Amino acid sequence: MCTVPSETWARQHLYKYKYDYKQVTRCVSICHCEVCSASKFVKGRNLPGVTPKKFKPGRPKKVLSDTIKVVRICKVCLTEIGRGRKHGCNSSRRTENLSIMLKEKNSSQKLAEAAVSEFLAEKVSSSGSNNIRLSNRRGKQSVYHKTSPVTTSNDQNKISSKNMFKLKISNSLSMRKTLGIMKGLKHSGIKVEAGTKVKLWKMNSELCNFFSIIELGDVSGAETTNLGQYAFTPVIYCNNVAGLIEHVKKSREGNEEHGHYIKLGIDGGGGFLKVTLSILSRDPPPARSSNSFKDSGVKRLHIIAFAPNLPEKYEYISLIWNNLLNLNALEYTVAGDLKIINVIVGIMAHSSSYPCPYCEIAKKDLAVQAGILEAGFEDLEEDLNKFIECWEELNLPKSSKYHITKFHVKDFCHITGRGLGWHNEQASESVHSDFKLTRERYKTVQTSKVYKSHILRAVVDYNSGHL
């Protein structure tokens, strides 16, 4: 082993002036023995005295494969030109050669289709009509007609956001289940309208600005001492009933030639007191499809007041009816049972001395007081008379129902110009079970901090789906 570099390293401070302050190493040394000389010429290193191998910039030239053959082609007929080859240059040869090139195995089918499609598009645009003429090799022309794009099965089965929302309402689904169904439809190849998820959330809270929440004791005009434990009962109510009615009218399609009339219902059930609103058209009902709902049904009914665990008493209902909803400014009819009718009117129950809400007849005279009947509704009058005769033959009690049926139903039908079917309370009774499904999705204990906000969201969710 050469010891010169190590000895030189030990004495390098003595030779700084001689070696230009360069550190003495094996590559830069004063030794020229065979060991040091061999170390300077290691392959691939740019050492002093070694010239690196130079390469030209750019990619190296590829060697052409043996399968690729370079030929000369005529620009007119696209025929191969070469020594000893015949060259018959004409239009039929060009058409034949072009067809062969497009059908070759090495050529892409998409490329051929793109070329044909581009040619046809230019042909249609230049002709100015949907009919174009194309000639074959023999010169015979054929007429082709451009048709509208063929819609695929996915386009035909495309579901709109409104139909998805109808699916949610008709089956009382939550938003999570509705979005899950929409995701499953997409996986099965059925298209759904773009932005349906955002539109569903928007439609689900469309009526949020029409509803507010307040404790019963905070209602103006309420006396907390008379309310007792119900002073802290939360009440969800419509803060603009007239505005809600106009909004519902605009959202529903139909003829408004004869206008609408309002039917209010009130009933307690399912642990809640509810005031409902139905907007019915006076026009003859149009032919309904299988996926539409009646305006008089529960699927078109709105809850405009909602109070949990509130009994059907005058002091509570009057605060909601007059102070919160301000219903006295509207023209409406009330659909409810006899108990709630007496509560709204402000009289005692039907076991009292004066139970009739339509007249001042005493209870002992319910069977003898006659009503006022003008001309009209002869068939209804005849049927009512037969009903009353059967009632009396069976010796049934002469109750308030008997009195109202015998003396007041005829007057009511004559004044309104309609039968009792328009004023039934079937929808108001059905709302208890129909709303229960929505209420369960927002159910919390009454001691929870989010209890009030959840019941408000439940009412908004239910009403937004009944437009």
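Residues numbered from 1 in each chain as written. Predicted model: local features only at pLDDT ≥ 70, side-chain atom pairs only at ≥ 80, totals over all residues. Heavy atoms only, no water.

Caption draft 1: Fine view of the nonpolar core. The biggest cluster of nonpolar side chains holds 54 residues, and the ones touching the most others in it are Phe211, Leu216, Leu244 and Leu325. The residues touching leucine 216, leaving out its near neighbours within four places in the chain, are Ala222, Leu227, Tyr230, Ala231, Thr233, Val235, Leu310, Tyr316, Leu319 and Ile320. Listed in part, the 10 residues of the second largest apolar core include Ile169, Leu179, Leu200 and Met203. (Core = buried A, V, L, I, M, F, W, Y, C linked by side-chain atoms within 4.5 Å. Buried < 20%, exposed > 50% of the residue type's maximum accessible area, 1.4 Å probe, protein only. Contact = heavy atoms within 4.5 Å.)

Caption draft 2: Inspection of the side chain of threonine 438 at higher detail. For threonine 438, the position within the fold is in helix H16 (residues 426–441). Beyond its immediate stretch of four places on either side in the chain, threonine 438 contacts Ala458, Asp461 and Tyr462. (Helix = DSSP H or I, 4+ residues; strand = E, 2+ residues; numbered from the N terminus.)

Caption draft 3: Here's a closer look at the pattern of salt bridges. Scanning all chains against the criterion turns up nine salt bridges. Across the pair glutamate 312 and lysine 339 runs a salt bridge, and its minimum N-O distance is 3.5 Å. One end of the pair, glutamate 312, is in the loop between strand S9 (302–308) and helix H11 (314–324); the other, lysine 339, is in helix H12 (residues 338–345), and 27 residues separate them in sequence. With relative accessibility at 48%, the residue lysine 339 sits in the partly exposed group. It is possible to trace a salt-bridge network through shared partners that takes in Lys168, Arg441 and Asp461. (Salt bridge = Lys/Arg side-chain N within 4 Å of Asp/Glu carboxyl O.)

Caption draft 4: Representation of the environment of histidine 403 within the structure. Following the sequence through the fold, histidine 403 ends up in helix H14 (residues 400–407). Histidine 403 sits in the buried class, given a relative accessible area of 0%. Each C-alpha atom of the pair histidine 403 and lysine 363 lies 9.4 Å from the other, and the pair is 40 residues apart in sequence.

Caption draft 5: Geometry of unusual backbone geometry. The phi dihedral of asparagine 309 falls on the positive side, at around 55°, and the residue is not glycine. The residue asparagine 309 is located in the loop between S9 and H11 in this model. Not every positive phi belongs to a glycine, and asparagine 326 is a case in point at roughly 55°. If you trace the backbone, asparagine 326 turns up in the loop between H11 and strand S10 (332–335).

Caption draft 6: Summary view of the environment of lysine 443. Positionally, lysine 443 belongs in the loop between H16 and helix H17 (451–464). On the accessibility criterion, lysine 443 (56% relative accessible area) is exposed. As a C-alpha pair, lysine 443 and histidine 454 span 11 residues in sequence and 7.3 Å in three-dimensional space.

Caption draft 7: Geometry of the packing of aromatic side chains. The full count for this structure, using the stated rule, is seven aromatic pairs. Centre to centre, the rings of tryptophan 321 and tyrosine 332 are 6.0 Å apart; their planes meet at 65°, and the pair counts as edge-to-face. Of this pair, tryptophan 321 sits in helix H11 while tyrosine 332 sits in strand S10, placing them 11 residues apart in sequence. The class of tryptophan 321 is buried, set by a relative accessible area of 5%. Judged by centre distance (5.6 Å) and plane angle (45°), the rings of tryptophan 391 and tyrosine 402 are tilted. With tryptophan 391 in helix H13 (residues 378–393) and tyrosine 402 in helix H14, this residue pair connects regions lying 11 residues apart in the sequence. Like tryptophan 391, the residue tyrosine 402 is buried in the burial classification. Ring pairing ties together the aromatic residues Phe272, Phe306, Phe435 and Tyr462, which thus form one cluster. The lysine or arginine in question, lysine 398, covers the ring of tyrosine 402, its NZ or CZ lying 5.7 Å from the ring centre. (Phe/Tyr/Trp six-rings, centres within 6.5 Å; stacked < 30°, edge-to-face > 60°. Lys NZ or Arg CZ within 6 Å of the ring centre and 35° of its normal.)

Caption draft 8: How the structure looks around a nonpolar patch on the surface. Together, Leu98, Met101 and Leu102 make up an exposed nonpolar region whose accessible area comes to about 240 Å². Mapped onto the secondary structure, methionine 101 falls in helix H3 (residues 91–103). (Patch = residues over 30% accessible without salt bridge, like charges linked within 9 Å, V, L, I, M, F, W, Y side chains within 5 Å. Areas by Shrake-Rupley, 256 points an atom, 1.4 Å probe, with all protein chains shown as cover.)

Caption draft 9: Just the sheet that holds strand S8 (residues 272–281), in detail. If you walk across this open sheet you meet the six strands as S5-S6-S9-S8-S7-S10, and the pairing is mixed. The open sheet is flanked by strand S5 (211–215) and S10, the only strands paired with a single partner. Each strand of the sheet is rotated relative to its neighbour by a mean of 20°, with strand direction disregarded. Across 10 bridges, strand S7 (residues 260–269) lies against S8 in antiparallel orientation. Bridge assignment links isoleucine 266 to a residue of S8, and that residue is valine 275. Sheet contacts for H17: S5, strand S6 (234–238) and S9; angle to S5, the most-contacted strand, approximately 145°. (Pairing = 2+ DSSP bridges. Axes fitted to C-alpha atoms, helices over the stretch in contact; angles between N-to-C directions.)

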